Every structure is written in C-alpha cells, then in structure tokens.
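Here is how the chains run, residue by residue.
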Amino acid sequence: MKRVNIFKIVSIILVIIAIGLVIALMLGAFDGTQEITYDEFLQKLQQGEISAVYFSGNFKMSILFKGSEIPADKFPDRVDAYCQISSRTLASDDILRLCKVDEAGAPENANLPKMIFDDPSSGSIWTSLLPMILALVVGGIFFFIILRQNAGANNKAMSFGNTKAQMTKNIKVRFNDVAGAEEEKAELQEIVEFLKHPQKYTDVGAKIPRGVLLVGPPGTGKTLFAKAVAGEANVPFFSISGSDFVEMFVGVGASRVRDLFLQAKRNMPCIVFIDEIDAVGRHRGAGLGGGNDEREQTLNQLLVQMDGFETGDGIIVMAATNRADILDPALLRPGRFDRQIYVNVPDVKGREAILKVHSRNKPLAGDIDFKTIARITTGFTGADLANLLNEAAILAARANRKVIIMEDILEGINKVIMGPQKKSRVVTATDKRITAYHESGHAIVAKVLENCDDVQEVSIIPRGMAAGYTLTRPKNEDSHYTKAELNDTIAMMLGGRAAEEIVIKDVTTGASNDIQRASSLARRMVTEWGMSDLGCLYLGGDQEVFVGKSWGTHSNNSEEMNSKIDNHVKTIIDDNYKRAIEILTTYHGVMDEMVKLLFEKETIYKEEVDKLFEGVPAEKILSDAKGVTEKKEDDEIPPEGKR
Ligand code: ADP
Ligand code: MG
Ligand code: ZN
C-alpha cells in the first residue's frame, strides 16, 4: 500500500511538471510575435528602427518597429517583437546611453524610442507567473480526480490506509436470503444473539466463541452466511480475503492484520471476516525450502491478535475455507476458531428453497415446478442454482419471452453442468460415429444394470470439453452408496470405452475422463470404504506435503500395502469392464439402433431409450415422431389453405 502511494505521488508530480512545461511552451509559441535577441535589439536601436518599447515585467520588453503596420495607439496591445532582458533598469540605461540623452533629458539624436513602463509589481509578475499558476491549478484538478476515483472504487465501503479490509455498515443480507441450511442458521443465530445482547451472556458467565470457522465447498454460501450474521446483528462487517495478506514484501501481511484488528476494536461490536483463510492459515512448517516467512509472520500476527481481545468485547472473527484439514492446528485451538460450522452442499429441500429465493424477482411460467428442478439438480450448490436461474432468464430474454419457461431451466441445467452448448463445432462423421457408440455404451450399461441412475438424455452434441454426454438422474436421494451401486456405476463409466472396443475394434482417447473417474471411485472403495478383501481398513492416509509452490502427496502405507491396493483397484476395474463388455455384446442390436437414432436426432430422451429397449427399431421411432409433427403441422394449416 505504501509502495503504491509513493508511486502515485511521483506520477502526479510528473504530470504536473509536464503540464506546466506544455503550458509555458504554448504561451510562448502561440504568441505569434517574433523574439529577437538583446544584441539584435541594440543594433536596430542604433539604426533608428525602433519606434517604441514597452517594459512589461522586469525581464521582458515589447517592441514596435518604425514603419510598422501596427498603429501607434494599438501598442502595446499589439507588438512587433519582444526581447528578453536581464533587467528593465539596465535595458533602459542602455537605450538612453546609445541615444545620447543629455542631462536635461532631451535626446541628441532622433533615434530615441518612446519608452513605456508598466508597474512591475502588479500585472507583469502575474503574467510571468501565469504558466506556473495554471500548471498548479491543472495539477490540483488531476489530484482531486485521482482521489475521487479511489474513493469511488470502494463505494459504500471505507478503505483504510494499510489494510485492504473493507468495512461495511448496514449490511442488507438477512438469514432469509440464505435458503436451506437450517442447522447452520440455528448455530449462527447464537452468534447473532450475542452480538445483539453481549451483556446477557457475559452476566451469566457464558462463553461465547471468539472465532467461527465456516467450512464447505465453494459456492455453498459461506460468504453469504457471514454477511447475514452481520446483517441480522446489525453490526459493522470487516472483510478481507486471505490472499490480500499474502504480499510481496515481508511484514506487510502482518501489519495488515494488526491494522484490521485496530479498526475492528474501534468499531465494536463488529464482525471480522477472513475469507479463504487457507491462503494464510496453512499448516506452518510443512513447506520445504523456506520462503514462507511472510505467511508465517502473518499467521502469527493473526494468532496474537485473536488472543488480544476479550470474548466479552464484541468482536467475532469469522473465517471461511474449503479445506479445514490443511489449516494450522494453532488456529483451531480453543479461544481461536474453536467453533466450526460445516456448510454443506444443499439437499433436495435446500435446493428447492434456494431456487425460491433466487426466483423472487424473476417472472416464471406457470408450468415451472421447483420440486422437479430440485430433484434433477443433485450436487448443485447455491451458487450453481443462482447461476442456473440466471442462465434460464438469459435464454428467455434471447427468445423474446416475457417469462421463463421450463425449457429454459432445463437448458440452463445443461449449461451449468457442461458449459455452453457448442452447436458450431464441426464434428466429422468418424468422430460422430465414435461418440455415438461411446455414449450408447454408457446409456445401455446404465439401463441394464439395476443399480445405475436413470438415463435421461443421450447426446452427441458437443458441450464444453466433452464430445457428447449421457445424462442420468439418481433414482432416489439416498446419501449412502452400496458396494453394488458403486460397482454398477464403475461399469457404466467404462461402458463408453467398452463400446469402442466392441464396435471399432480399437480404442480412442475420448474415454480418458471416464477412466479417471472410474479409477478414483475404485480406489476409494478399497482405501476409504473398506469394500475389498483388504478389509475394513482406512488406507487413504495420503498426507499432503508442501513442496515449494505445489503439493505432493506422501503415503502412510508400506510399499507392500500400496501394491496390494493397486491390485485390488485393478481387479475392480477389470471385473466391471468385463461386465460392461458382456452387456454390450448381448445388447449389440439395441446399441446399433441407438446409434442410428442418435445420428438422426443427435439428442434422444428417456422415452426413446425405453422404446429401443422394448425392441422398437430406430426407423419406427423416427417415423412415429415424424407422423406426430406432420399431423401437428396439418392442424395448423388455415382453412383457406393459404400458407
Ligand atoms: P462461498 O463463499 O461458500 O464460496 P458464496 O457465499 O460466495 O459461496 O455464494 C455465492 C452465491 O451463491 C451467493 O451470492 C448466493 O447468490 C448463492 N448462494 C449460495 N448459497 C446460497 C443459499 N444457501 N441460499 C441462497 N443463495 C445462495
Ligand atoms: Mg466465498
Ligand atoms: Zn464417456
């Protein structure tokens, strides 16, 4: 921050100097009159070419030549030339000497020009100072503008010299704006109560947490929650992001922490919110090769400050992270962030509530049913749902509709899941064929295996990074998976690759993501969930080790155990791959029909997949669909038959 200030001041000074120079130059250059040297002047004087001189200020002399076009009475408003002089006394003496004026004051020759003297102390100095004054004024305006811009950047929030923290008073967010998450709300309600009536709690000796750590995946509303607490309690909210502490210069982070708490203490009761605290609160001493002094100093300062106020004071420090496990244990000790609140990805009910909150001021068509949307958006966070409704609104606006319809929302879901649809991407026929078989492979395995999710949509339209996709929806909302379900899921993930092998007799790179996901699931079955012959043993135990700028993992297991794990993972993958191959060989006919249908329609839905499995050939499905649409079009023909 200090660095920035110096830089700014220097640049402002440079601007002022530059403007001053330009103005001075302009005043000289646009004068239009010619400048002559003093020697030239004296020469002209002796030759009797000077009609009049005018001393303006001490150092400048304006000149009217004999026979000039300028009438004598217009001088010195208009002049023929001017000349720089060292002083008006010297110059006038020179003139008198050269023109040989006698004691009585009468000129001995007729060359003596008329001499006019203005008052040097008034206008003359003013004119010679004019460029400088102008420069100062312009510079001052610039300075003012820059200051104003700075103030504008932190609109509504005050910024402090040394902290990057923002203080916001009168936060408008309330618990009402945070939907779902009722348990989290109940826990935080306690904090609100304390901030509102600290006396009530301290009187009975109740211990109020000093720090509250919100832990949860990105987009689950941690920042929103912190604001809501400040809003509900109606106290000032100081917020800073962990990454703001991490600066190039050692000591800056620590001084920012100090200033932050200084400001907070002046505004008690209040909430200090440290977003992304993992940037500064990472486990000390885990790094290799040093270079973490700055982070450690900052963290130490934070600990010192948190210990430095009494719980009764009315400062509550809230922090958010998505990795509580990598935080320095010192931060989690009693008296610091001793209260941890897990902010979870919302469940069906939560999703429905969030959808309601975010659709408050969006016009929705009558057919929109939040229950259905909530059911098919498993895994969406609050931020995802907010984004989904926004995408839907954009789609409606693009179609010039006044209300959002269900189709917009469904399209919005796909957009949020896979990024924007890319209809323009060119797909070669070979690619299309491979993709069609790959996706059919997923879909058929999913359909055949009873523990797999329902197939909703199979498509060969590329989206985001994927060449095609198979969308499934869970049959129920269970939060536990059985071993059988996991095995079926792995088989389905490998279905794409299996189809490629059966039909194309070769494999492509298209399945890399499937393979990665299947492997990681299989590995977790072995190491975390005790679902292999190795028994109910937790074998994860990978420790993250800070190596310079990146994280490596270090396993707790013996070499022997690791190789056993690898073998078991491989067995799970191999077995399920075999199952996928078997299913697809059995249903080869259905797969061929599905590929035909995909080629025609590019995207097929649950009903069509069901029909294929009932043995209806692709042609029939297509002609049936055509019949329906043709009939519809027939209905639309006006009675007169004009089209
Ligand atoms: P985090 O800090 O956990 O990454 P944010 O608090 O920044 O998440 O949430 C991002 C946005 O997502 C919020 O501004 C809000 O619009 C929306 N959101 C997240 N969770 C909820 C929720 N429970 N209720 C309503 N909106 C939510
Ligand atoms: Mg956040
Ligand atoms: Zn795939």
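Heads up: these notes are all about the structure in this document. Numbers given to residues run from 1 along each chain, matching the order in which its sequence is written. Naming scheme: in the order in which they are written, chains are lettered from A and ligands are numbered from 1. Reporting in this predicted model follows two pLDDT cut-offs: at least 70 for local features of residues, and 80 or more for side-chain atom pairs to be given and counted; totals over whole chains, interfaces and linings ignore these cut-offs and use all residues. Heavy atoms throughout the structure, all of them, feed into the side-chain values; hydrogens and water do not.

### Describing the overall build of the protein chain
Part 1 of the reasoning: Of regular secondary structure, the protein chain possesses 22 helices and 17 strands.
Part 2 of the reasoning: Burial status follows relative accessibility: with a 1.4 Å probe on protein chains alone, a residue under 20% of its type maximum counts as buried, one over 50% as exposed, and anything between as partly exposed. Expressed as a percentage of the 643 residues in the protein chain, the buried residues total 41%.
Part 3 of the reasoning: When checking whether two residues touch, look at their non-hydrogen atoms; a contact exists if any pair is within 4.5 Å. Taking the contacts inside the protein chain whose residues are at least 6 apart along the sequence as the reference set, 70% of them involve residues at least 24 apart.
Part 4 of the reasoning: Computed with the Shrake-Rupley method and a 1.4 Å probe, the accessible areas treat only the protein chains shown as cover for residues. When the accessible surface of the protein chain is split by element, carbon and sulfur atoms take 54% of a total near 35,200 Å². Each helix is a run of H or I in the DSSP string that is no shorter than four residues. Each strand is a run of E no shorter than two, and both are numbered from the N terminus.

### Overview of the pattern of salt bridges
Part 1 of the reasoning: Counted as salt bridges are all cases of a side-chain nitrogen of Lys or Arg within 4 Å of a carboxyl oxygen of Asp or Glu. Enumeration over the complete set of coordinates arrives at 18 salt bridges.
Part 2 of the reasoning: In this structure, the salt-bridge partner of Lys606 is Asp610, at a minimum N-O distance of 3.7 Å. One end of the pair is Lys606 and the other is Asp610, both in helix H21 (residues 606-613) and four residues apart, which spans about a single turn.
Part 3 of the reasoning: Taken together, the salt bridges that share partners define one network made up of Glu352, Lys356 and Lys371.

### Re the environment of Phe65
Part 1 of the reasoning: By secondary structure assignment, the location of Phe65 is in strand E3 (residues 60-65).
Part 2 of the reasoning: Under the relative-accessibility criterion, Phe65 is labelled buried at 18%.
Part 3 of the reasoning: When the C-alpha atoms of Phe65 and Ala52 are compared, they prove to be 7.0 Å apart, with 13 residues separating the residues in sequence.
Part 4 of the reasoning: Beyond its immediate stretch of four places on either side in the chain, Phe65 contacts Gln34, Lys44, Glu49, Ile50, Ser51, Asp80 and Ala81.

### Observations regarding the site of ligand 1
Part 1 of the reasoning: Any residue with at least one heavy atom within 4 Å of a molecule or strand is counted as near it. Around ligand 1, a shell composed of 14 residues is seen, among which Ala179, Gly219, Lys222, Thr223 and His358 lie nearest.
Part 2 of the reasoning: Polar contact is the term for a pair of N or O atoms within 3.5 Å; when the atoms are in protein, one must be able to donate a hydrogen and the other to accept it, and sequence-neighboring residues count only if both atoms are side-chain atoms. One of the backbone N or O atoms of Ala179 is found 2.9 Å from a nitrogen atom in ligand 1.
Part 3 of the reasoning: Here Thr220 contributes a backbone N or O atom positioned 3.3 Å from an oxygen atom of ligand 1.
Part 4 of the reasoning: Here ligand 1 loses 78% of its free accessible area of 560 Å² to cover by the protein chains.
Part 5 of the reasoning: Looking at the shell around ligand 1, the element that brings in the most residues is helix H7 (residues 222-233), giving three residues.
Part 6 of the reasoning: Residue polarity follows a fixed list, in which Ala, Val, Leu, Ile, Met, Phe, Trp, Tyr, Cys and Pro are nonpolar, Asp, Glu, Lys and Arg are charged, and the others, Gly among them, are polar. Looking at side-chain class alone, the shell around ligand 1 contains six nonpolar, six polar and two charged residues.

### Some words on the nonpolar core
Part 1 of the reasoning: The set of buried Ala, Val, Leu, Ile, Met, Phe, Trp, Tyr and Cys residues whose side-chain atoms join them within 4.5 Å is what this entry labels a nonpolar core. By size, the foremost hydrophobic cluster in this structure holds 50 residues, and its most contacted members are Val445, Ile490, Leu584, Met594 and Ile604.
Part 2 of the reasoning: For this core, the secondary structure elements donating two or more residues are helix H16 (429-448), strand E13 (454-459), helix H17 (483-504), helix H18 (512-527), helix H19 (559-586), helix H20 (588-601), H21 and helix H22 (618-636).
Part 3 of the reasoning: The contacts of Ile490, once residues within four sequence positions are left out, are Ala518, Leu521, Ala522, Met525, Ile572, Ile573 and Asn576.
Part 4 of the reasoning: Phe175, Phe194, Leu195 and Ile341 belong to the second largest nonpolar core, which has 28 residues in total.

### A short note on the side chain of Thr527
Part 1 of the reasoning: Here Thr527 lies in helix H18.
Part 2 of the reasoning: Once residues lying within four places of it in the same chain are set aside, the contact partners of Thr527 are Leu537, Tyr538, Leu539, Gly540 and Ile565.

### Some points on the sheet that holds strand E5 (residues 114-117)
Part 1 of the reasoning: Strands are labelled as partners when DSSP assigns at least two bridges between them. Spatial strand order, E1-E4-E3-E2-E5: five strands in an open sheet with mixed pairing. Each edge of the open sheet is held by one strand with a lone partner, namely strand E1 (34-36) and E5. For this sheet the average axis-to-axis angle between neighbouring strands, irrespective of direction, equals 25°.
Part 2 of the reasoning: As defined by bridge partners, E1 adjoins strand E4 (residues 81-84) across three bridges and the pair is classed as parallel. The residue bridging Ile36 from the neighbouring strand is Cys83, located in E4. Every axis in this analysis is a line fitted to C-alpha atoms, fitted for helices over the stretch in contact. Angles between the N-to-C directions lie between 0 and 180 degrees.

### Considering unusual backbone geometry
Part 1 of the reasoning: A positive phi angle, near 55°, is found at Asn170, a position not held by glycine.
Part 2 of the reasoning: In this fold, Asn170 is placed in the loop between strand E7 (166-168) and helix H5 (182-196).
Part 3 of the reasoning: Classification of Asn170 as exposed rests on a relative accessible area of 55%.
Part 4 of the reasoning: Despite not being glycine, Asn400 has its phi angle at roughly 55°, a positive value.
Part 5 of the reasoning: Within the secondary structure, Asn400 is located in the loop between helix H14 (382-398) and helix H15 (406-418).

Just geometry here; none of it tells us what the structure is for.
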